[in-house]
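Notes for the structure review
Take a look at the letters that make up each chain.
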Amino acid sequence: MTQAQQHEHVAAREKVLEVHNLHVTFKTFGGEVKAVRGVSFDLYKGETLAIVGESGCGKSVTSNAIMGLIPQPPGRIENGQIVYNGKDLSKMPKKALRKIQGMDISMIFQDPMTALNPTLTIGEQLTEGIRTHHGLSKDEAKKRAIEMLNLVGIPNPEERLKQYAHQFSGGMRQRIVIAIALICEPDVLIADEPTTALDVTIQAQILELFASIQERMGISIILITHDLGVVAKIADRIAVMYAGQIIEIGTKRDIFYRNTHPYTRGLLNSVPRLDLLEEELKPIDGTPPDLFDPPVGCGFAARCPFAMDVCEHVEPPATYITEEHRSYCWQQDERAKGLFANY
Amino acid sequence: MNDKILEVKALQKHFSLERNQTLKAVNGISFDVKKGETFGLVGESGCGKSTAGRTIMGLYNRSGGEVLFKGQDVHKKTDKERHQFLRQMQMIFQDPYASLNPRSTVYEIIAEPLLVHEIYQSKKELSAKIYELLESVGLNRDHANRYPHEFSGGQRQRIGIARALALDPEFIICDEPISALDVSVQASVVKLLQRLQKEKGFTYLFIAHDLSMVKYISSRIAVMYLGKIVELTTSEQLYHNPLHPYTQALLSAIPIPDPDIEESRRRIILEGELPSPIDPPTGCVFHTRCAHACEACVTVEPTWREQEGEHFVACHLMDDSIEMGKPLRVQQEV
């Protein structure tokens, strides 16, 4: 593909969801936590966007905000828009929101053990959403539920519908959670650490399932994870978050091979690789900043080996390396070019 | 000269459940750990690796077999001998949130083993030792009077490590020491463990489910499945020449953080899930999920044999005396 064609390709893609300058805070006894500080990204039709980062970076808060799952109070969406189908979800009345969330945008969670209700049968939980949103009759809903269980690879679905969550293994439960999320045929699926609680051989099964579902249903997936291996496998684009902000976003290959932000690099250097011998791990020194009182400048400045004066005082602006690849780092500024030629 | 610090021989640990059922968590595992090495024990949840670690430490009574530490049976010690033995073998636990007493200061936590073993006579010596330990794990003396909740996960794990080091042990069992931590913090804790090993000559038994990290830190690795060790070799051999079908599937299931490699990799997808250790499969425990399984695997238990130098495996495929029949199923690959 030539550069021009690539541009056309980008422009032709249909945006499903847009997040603009999202700010989310939580009031606690200790003060106000600024959990998400100005996050913006678009989600295109049929793609998988991975949001990666370490605990406390705001990746789950971002996805919960899209899903309307921020408890208010103590949480508050201070600023920003979440635009789906031309409508701003963050300003919609609750009732209208219910129609979108769960039907057009749905979510699966990390822990399949607690995401299911232990006192309801799998069948009841599967059909709840579709009966509420689509008003299907009991029999129709059941038929649909059986189809879904087949789709996610659960054998004997008719029998299994009558069973309870504890009668399934962890991997099977996650398949059920996925079936519940997909039964209303959403446009967007938010998966928050969907395989973190599972063993690797089961994780491999679930990742295959994601790929086949996406191919069949054409949904867009936002994948929240800290596992860079999983991201390398199934993501199309990656957003790296740190201290409540996206610090770099681009295609999978931009982030893995053409990354520009020192934190992205640090993250990649700190995971061991199965296929390499005698590699050296390079941990990132220090700890993330306190989000009660976030730094004025770049959030990563205190841990960054290349930090300059400006990093501590002024937040770095977005630099577009390509149309799709943007980075928030002062190193990318024209005036800093050449300073780091030796690194 | 005997350079084996730990010998585990046909160790079993069974738990009795109600209705006369037994859960065979560890069902006859054997391996040696050499002095100064890091021996990795990997497997998925429920394979018995943590139970194995705890039984080796003597936290559980064994059901069969024996554990020899420097030639002495760990489970046959009198209380007094055990007390002495604990100065030589210590453990680091998985959960840095649950393994530190929230009502004790860091000072008290690290002082406890030293006080129990009455190592220092004066308070001054004790404090000096505690400050030295804190510094050796990358904390400082100002941290001594704080409580565990004031620390991040990685710092807490460092406190746990300092406590394990307090008695100057020779052998440390690390039970999933990093799996509760963020990736960048994992790297720094692993680096710390490596540095301490270099400085003080520790021997580690490193128990984890994350094969990439185990491969990074260990010289030899044993792979467990359903209470048994299915393969044991050097970490290099394990990656380049895995012989057991379970090891092969496990390796192929671990995603590699590199898109070009990841997208072109061949992946063996294991069918089904781990069988119950209450009623493990007959013959080879892996036959219910193995792509190469045939009649013999269902009926005959594979023997533990040395394949080439230091490469042990329990699989009929490697055993010429076993007639492999028609496979029971077809292997799935993606």
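For clarity, every value in this text was computed on a predicted model and none was experimentally measured. (Residues numbered from 1 in each chain as written. Chains lettered and ligands numbered in written order. Predicted model: local features only at pLDDT ≥ 70, side-chain atom pairs only at ≥ 80, totals over all residues. Heavy atoms only, no water.)

**Thoughts on the overall build of chain B**
Helix and strand content of chain B: 11 helices and 12 strands. The C-alpha atoms of chain B give 21 Å as radius of gyration, which agrees with the globular expectation for 334 residues (20 Å, within 12%). When its C-alpha atoms are laid out on the principal axes, chain B stretches across 70 × 50 × 45 Å. Across the 334 residues that make up chain B, the buried fraction comes to 55%. In chain B, of all internal contacts separated by at least 6 residues, the share reaching a separation of at least 24 is 65%. (Helix = DSSP H or I, 4+ residues; strand = E, 2+ residues; numbered from the N terminus. Rg over C-alpha atoms; globule rule 2.2 N^0.38 Å. Buried < 20%, exposed > 50% of the residue type's maximum accessible area, 1.4 Å probe, protein only. Contact = heavy atoms within 4.5 Å.)

**Quick look at the interface of chain A and chain B**
Interface size is commonly expressed as the accessible surface area that is lost when the partners come together. On the chain B side, the residues contacting the 39 residues of chain A number 39 residues. Summed over both sides, the interface between chain A and chain B buries roughly 3,700 Å², with carbon and sulfur atoms accounting for 60% of that surface. Inspection of the region where chain A meets chain B yields 5 salt bridges. As a salt-bridge pair, R253(A) and D260(B) come within 2.7 Å of each other at their nearest N and O atoms. Connecting chain A to chain B are 17 residue pairs in polar contact (both at pLDDT 80 or more). For the side of chain A that touches chain B, the elements supplying multiple residues, two or more each, are α8 (170-182), α9 (200-217), α10 (228-234) and α11 (252-257) of chain A. (Buried area = accessible area lost by both parts, 1.4 Å probe. Salt bridge = Lys/Arg side-chain N within 4 Å of Asp/Glu carboxyl O. Polar contact = N/O pair within 3.5 Å; in protein donor to acceptor, adjacent residues only side chain to side chain.)

**Section: the side chain of T201(A)**
Structurally, T201(A) can be placed in helix α9. At 2.6 Å, the side chain of T201(A) and the side chain of E44(B) are in polar contact. Look past the residues within four positions of T201(A) in its chain and what remains in contact with it is E44(B), L250(B), A253(B), L270(B) and R289(B).

**Description of the UniProt feature "domain: ABC transporter" (unreviewed entry) in chain B**
If you check UniProt for "domain: ABC transporter" (unreviewed entry), the listed places come out as residues 6-251 of chain B in our numbering. A distance of 27 Å separates the end C-alpha atoms of residues 6-251 of chain B, which is 37% helix and 26% strand. (UniProt positions renumbered as here; feature names shortened; annotations may be inferred.)

**A look at the packing of aromatic side chains**
Under the criterion given, the structure shown has 12 aromatic pairs over all chains. Seen in terms of ring centroids, F69(B) and F171(B) are 6.0 Å apart; in terms of plane orientation they differ by 70 degrees. Their pairing is edge-to-face. With F69(B) in strand β4 (residues 64-69) and F171(B) in strand β7 (residues 171-175), this pair connects stretches of sequence that are 102 residues apart. A relative accessible area of 2% places F69(B) in the buried class. By relative accessible area, which is 0% here, F171(B) ends up buried. Judged by centre distance (5.0 Å) and plane angle (85 degrees), the rings of Y225(B) and F286(B) are edge-to-face. With a gap of 61 residues between them, Y225(B) in strand β9 (residues 220-225) and F286(B) in the loop between α10 (259-264) and α11 (295-299) connect regions that are remote in the sequence. Each member of the aromatic cluster is reached from another via a ring pair, and the members are Y242(A), Y263(A) and F300(A). Looking at K13(B), its charged tip hangs above the ring of F15(B), at a distance of 5.0 Å from the centre. (Phe/Tyr/Trp six-rings, centres within 6.5 Å; stacked < 30°, edge-to-face > 60°. Lys NZ or Arg CZ within 6 Å of the ring centre and 35° of its normal.)

**What about empty space enclosed by the protein?**
A probe as big as a water molecule, rolled over the atoms, marks out the empty space that is left. Residue and element names in this part refer to chain A. For the structure on display, the rule yields 4 cavities of 30 Å³ or more. By volume, the second largest cavity amounts to about 80 Å³. Around the second largest cavity, the lining residues are H261, P262, C298, A301, C304, F306, A307, C311, P316, C329 and W330. Its residues assigned to classes, the lining of the second largest cavity comprises 10 nonpolar, 1 polar and no charged. (1 Å grid on protein atoms, 1.4 Å probe; cavity = no way out; pocket = protein on both sides within 12 Å on 5 of 7 lines; lining within 4 Å. Points joined across faces, edges and corners; volume = space filled by probe spheres on them. Nonpolar A, V, L, I, M, F, W, Y, C, P; charged D, E, K, R; others polar.)

**Regarding the pairing of strand β3 (residues 48-52) of chain A**
Working note: regular strand, side chains alternate between the two faces of the sheet. Residue and element names in this part refer to chain A. For β3, the tally of buried residues reaches 5 of 5 residues, placing the bulk of the element in the interior. Burial of β3 is two-sided: the residues T48, A50 and V52 facing one way and the residues L49 and I51 facing the other way are all buried. As paired strands, β3 and strand β8 (residues 220-225) are joined by 5 bridges and run parallel to one another. Bridge assignment links V52 to a residue of β8, and that residue is T225. With 4 bridges joining them, β3 and strand β9 (residues 237-242) adopt parallel strand pairing. If you follow V52 over to β9, its bridge partner there is V240. (Pairing = 2+ DSSP bridges.)

**Looking at the sheet that holds strand β1 (residues 4-16) of chain B**
Residue and element names in this part refer to chain B. Taken together, the 4 strands give an open sheet; going across it, the order is β2-β1-β4-β5, and neighbouring strands pair in antiparallel fashion. The sheet terminates laterally at β2 (22-34) and β5 (72-73), the two strands that pair on one side only. Bridge count between β1 and β4: 5 bridges; the pairing is antiparallel. When the sheet's bridge partners are listed, L6 is paired in β4 with F69. Against the sheet, helix α1 (residues 49-57) makes contact with β1, β2 and β4, and its axis sits at roughly 115 degrees relative to β1, the strand it touches most. (Axes fitted to C-alpha atoms, helices over the stretch in contact; angles between N-to-C directions.)

**Details of unusual backbone geometry**
Residues and elements named next belong to chain A. With an omega of -15 degrees, the peptide bond between Q72 and P73 qualifies as cis. Turning to its location among the elements, P73 is positioned in the loop between α2 (59-66) and β4 (75-84). The omega torsion across P73 and P74 is 10 degrees, close enough to zero to call that bond cis. Following the sequence through the fold, P74 ends up in the loop between α2 and β4. Even without being a glycine, A243 presents a positive backbone phi close to 50 degrees. Within the secondary structure layout, A243 lies in the loop between β9 and β10 (245-251).

**What to know about the confidence of the model for chain B**
Averaged over every residue, the pLDDT of chain B is 88; residues scoring 70 or more account for 98%. Overall fold confidence for the complex sits at a pTM of 0.85, while the interface term, ipTM, reaches 0.80. (pLDDT = per-residue confidence, 0-100.)

**Looking at the pairing of β2(B)**
Residues and elements named next belong to chain B. Both β1 and β2 contribute to a ladder of 10 bridges, which runs antiparallel. Across the sheet, the residue bridging to E7 is D32, located in β2. Hairpin geometry of β1 and β2 is characterised by an intervening segment of 5 residues between the two adjacent antiparallel strands and by a positive phi of about 55 degrees at R19.

**Re the nonpolar core**
Side chains of a nonpolar character, in soluble globular proteins, are inclined to be buried together. One finds F41(A) and I105(A) to be the most contacted residues of the largest nonpolar core, which totals 106 residues. For this core, the element with the most residues is α8(A), which contributes 7 residues. Apart from residues no more than four positions distant in its own chain, F41(A) is found in contact with L17(A), E18(A), V19(A), L49(A), I51(A), T62(A), I66(A), I222(A), I246(A) and I249(A). Counting residues in each nonpolar core, the second largest holds 72 residues, with Y107(B), I109(B), L193(B) and V285(B) among its members. (Core = buried A, V, L, I, M, F, W, Y, C linked by side-chain atoms within 4.5 Å.)

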